[in-house]
Amino acid sequence: MATLVLVEHDNTELNPMTNRAVAAAAALGQPVDCLVSGVDCRIVAEQASRLHGVRTVLLASAEGLRHGPAEAVARVVMTVAEKYDAIVAPASTGGKDSLPRVAALLDVTHVSNVTKIIDPWTFEHPIVAGNAIEVVRTTQAIRILTVRTSAFEPVQGGGDATIVEITPDLAGVKGVVVSANTVVSDRPELSGARVVVSGGRALASRENFERLLHPLADALGAALGASRAAVDAGFAPGDWQVGQTGKIVAPEVYIAIGISGAVQHLAGMKDAKLIIAINKDADAPIFDAADYGLVGDLFEIVPQLVSELALP
Ligand code: FAD
């Protein structure tokens, strides 16, 4: 049989999470196809067709798929599901919404947040906020997996897959997304960013986030992130939250500023390749995870960093 990967995109651009999901799918050891569902998104199918190791890209285009509502995406997957014995999606908001629905429609269970493929039927995934790793072996005829993309190295380009258009069967879809307001930003998208500058409760206000963290992020070409305490206090928007109940990131560099390093925050960023922490408390738990730690007052250190970075 074969593995189907749900492509993450915004109708114009393939999200790099897909490259990592394809890598996870390839580890199952069988041909990998991709499914692009959206509207006027052939350009995304072309990008997916160039991913290394992809055999075929299925392209489902319909107005009802413009905002990728999970109910409709699940219906599209069901149109082709009988050809696959494994269906994989990034453990993103979309993947976590649509694949459990597919599992329900197929009357099988879904294995969530897979971080390691031990063999094609055995998977590792974190449970209890990343404090334990569970090994799951499934005997189901079809495996439904959401994968934690930060745990897999991305596949590169060089592929030349065939694109096949399919007619989505959206009969029975009851929900319609009337409109969606997406935040437009010049900064890199948090989940796929190479560098993340993240602030905590210690920033003390939205103005301080803007005054201190924005210039640092600008100087580094970084995405901005935040702890849940900072988000809850209204210092940063909800889609910046990193952690167990926020986004999972694995950038090259993660700079934690005024963040204590609670286990729920670490669950979202501990896979970063290099962690730099700034905290005035030398005993803060974030220093246990950090590669470099600066003990001191962020209100002094961050402006110094920005002025050093601004030097020619
Ligand atoms: P604090 O814990 O208040 O830490 C602030 C840090 O700033 C301290 O270490 C302090 O020493 C330092 N500091 C203070 N002033 C300065 C200064 N001037 N200069 C330098 N350092 C300074 N949290 C998340 O982040 N993400 C999640 O997804 C998440 N999910 C959760 C899910 C559940 C079910 C629960 C119960 C909690 C969750 N939390 C999450 C919350 C988490 O437990 C912590 O409360 C939160 O991460 C703390 O945020 P913080 O580090 O910004 O704040």
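Here's what I pulled together on the structure shown here. (Residues numbered from 1 in each chain as written. Predicted model: local features only at pLDDT ≥ 70, side-chain atom pairs only at ≥ 80, totals over all residues. Heavy atoms only, no water.)

Looking only at helices and strands, the protein has 9 helices and 15 strands in total. In terms of overall dimensions, the protein is globule-like: its C-alpha atoms have a radius of gyration of 21 Å, near the 20 Å expected for 312 residues. Taking the principal axes of the C-alpha coordinates as reference, the protein spans close to 60 × 40 × 40 Å. Residues classed as buried in the protein amount to 50% of the 312 residues present. Put simply, of all contacts in the protein between residues at least 6 apart along the chain, 65% involve residues at least 24 apart. Here the protein has roughly 14800 Å² of accessible surface; of this, 50% comes from carbon and sulfur atoms. (Helix = DSSP H or I, 4+ residues; strand = E, 2+ residues; numbered from the N terminus. Rg over C-alpha atoms; globule rule 2.2 N^0.38 Å. Buried < 20%, exposed > 50% of the residue type's maximum accessible area, 1.4 Å probe, protein only. Contact = heavy atoms within 4.5 Å. Areas by Shrake-Rupley, 256 points an atom, 1.4 Å probe, with all protein chains shown as cover.)

Turning next to the site of the ligand. Lining the immediate surroundings of the ligand are 25 residues, of which Arg201, Ser227, Thr245, Ser260 and Gln264 lie closest. Here Gly246 contributes a backbone N or O atom positioned 3.4 Å from an oxygen atom of the ligand. Compared with its free state, where it exposes 980 Å², the ligand has 75% of that area covered by protein. For the shell around the ligand, a count of residues per class yields 7 nonpolar, 13 polar and 5 charged. (Near = heavy atom within 4 Å. Polar contact = N/O pair within 3.5 Å; in protein donor to acceptor, adjacent residues only side chain to side chain. Nonpolar A, V, L, I, M, F, W, Y, C, P; charged D, E, K, R; others polar.)

The parallel open sheet is built from 7 strands, whose spatial order is E5-E9-E4-E1-E2-E3-E10. What marks the edges here is a single partner per strand, and that holds for strand E5 (110-114) and strand E10 (162-166). Strand-to-strand twist of the sheet, defined as the mean angle between neighbouring strand axes without regard to direction, takes the value 25°. The sheet contact formed by strand E2 (residues 32-38) and strand E3 (residues 54-61) spans 7 bridges and is parallel. (Pairing = 2+ DSSP bridges. Axes fitted to C-alpha atoms, helices over the stretch in contact; angles between N-to-C directions.)

A few words now on the sheet that holds strand E7 (residues 122-127). Sheet architecture is open: 3 strands sit in the order E6-E7-E8, paired in antiparallel fashion. Each edge of the open sheet is held by one strand with a lone partner, namely strand E6 (116-119) and strand E8 (132-137). In this sheet, adjacent strand axes meet at a mean angle of 30° when their direction is disregarded. Bridging between E6 and E7 involves 3 bridges; their strand directions are antiparallel. Residue pairing for E7: Lys116 is matched across the bridge by Glu124.

On to the packing of helix H3 (residues 70-80) against helix H4 (residues 93-106), then. Contact geometry of H3 with H4 gives a least axis separation of 8 Å together with a crossing angle of 50°. With respect to H4, the element H3 is oriented oblique. Once H3 is placed against H4, the crossing between them reads as right-handed. Seen from H3, the contacting residues are Ala70, Glu71, Val73, Ala74, Arg75, Val77 and Met78; seen from H4, they are Asp97, Ser98, Arg101, Val102, Leu105 and Leu106. (Parallel < 35°, antiparallel > 145°, perpendicular 65-115°, else oblique. Left-handed = near helix turned anticlockwise from the far one by under 90°.)

Turning next to the pairing of E3. When you tally the buried positions in E3, you get 6 out of 8 residues, the bulk of the element. Judged from the 5 bridges that link them, E3 and E10 form a sheet pairing that is parallel. When the bridges of E10 are listed, Ala60 appears paired with Ile166.

A few words on the pattern of salt bridges. Inspection of every chain in the model, using the stated rule, returns 10 salt bridges. Measuring nitrogen to oxygen at the nearest pair gives 3.1 Å for the salt bridge that ties Glu165 to Arg42. Remark: Arg42 occurs in helix H2 (residues 42-49) and Glu165 occurs in strand E10; sequence separation between them is 123 residues. Here Arg143 and Asp85 are joined by a salt bridge, their closest N and O atoms 3.2 Å apart. One end of the pair, Arg143, is in strand E9 (residues 143-147); the other, Asp85, is in the loop between H3 and strand E4 (86-90), with 58 residues separating them in the sequence. Taking the relative accessible area as the measure of exposure, Arg143 reaches 2% and is therefore buried. Connected through salt bridges with shared partners, the residues Arg42, Glu46 and Glu165 form a single ionic network. (Salt bridge = Lys/Arg side-chain N within 4 Å of Asp/Glu carboxyl O.)

Our focus in this paragraph is the nonpolar core. By size, the foremost hydrophobic cluster in this structure holds 32 residues, and its most contacted members are Val5, Val22, Val36, Val57, Val114, Leu145 and Val147. If you list the elements that add at least two residues to this core, you get helix H1 (17-26), E2, H2, E3, E4, E5 and E9. Looking at this core, the element that brings in the most residues is H1, giving 5 residues. Contacts of Val57, omitting those with residues within four sequence positions, involve Cys34, Val36, Ala45, Ala48, Ser49, Ala161, Thr162, Ile163 and Val164. (Core = buried A, V, L, I, M, F, W, Y, C linked by side-chain atoms within 4.5 Å.)

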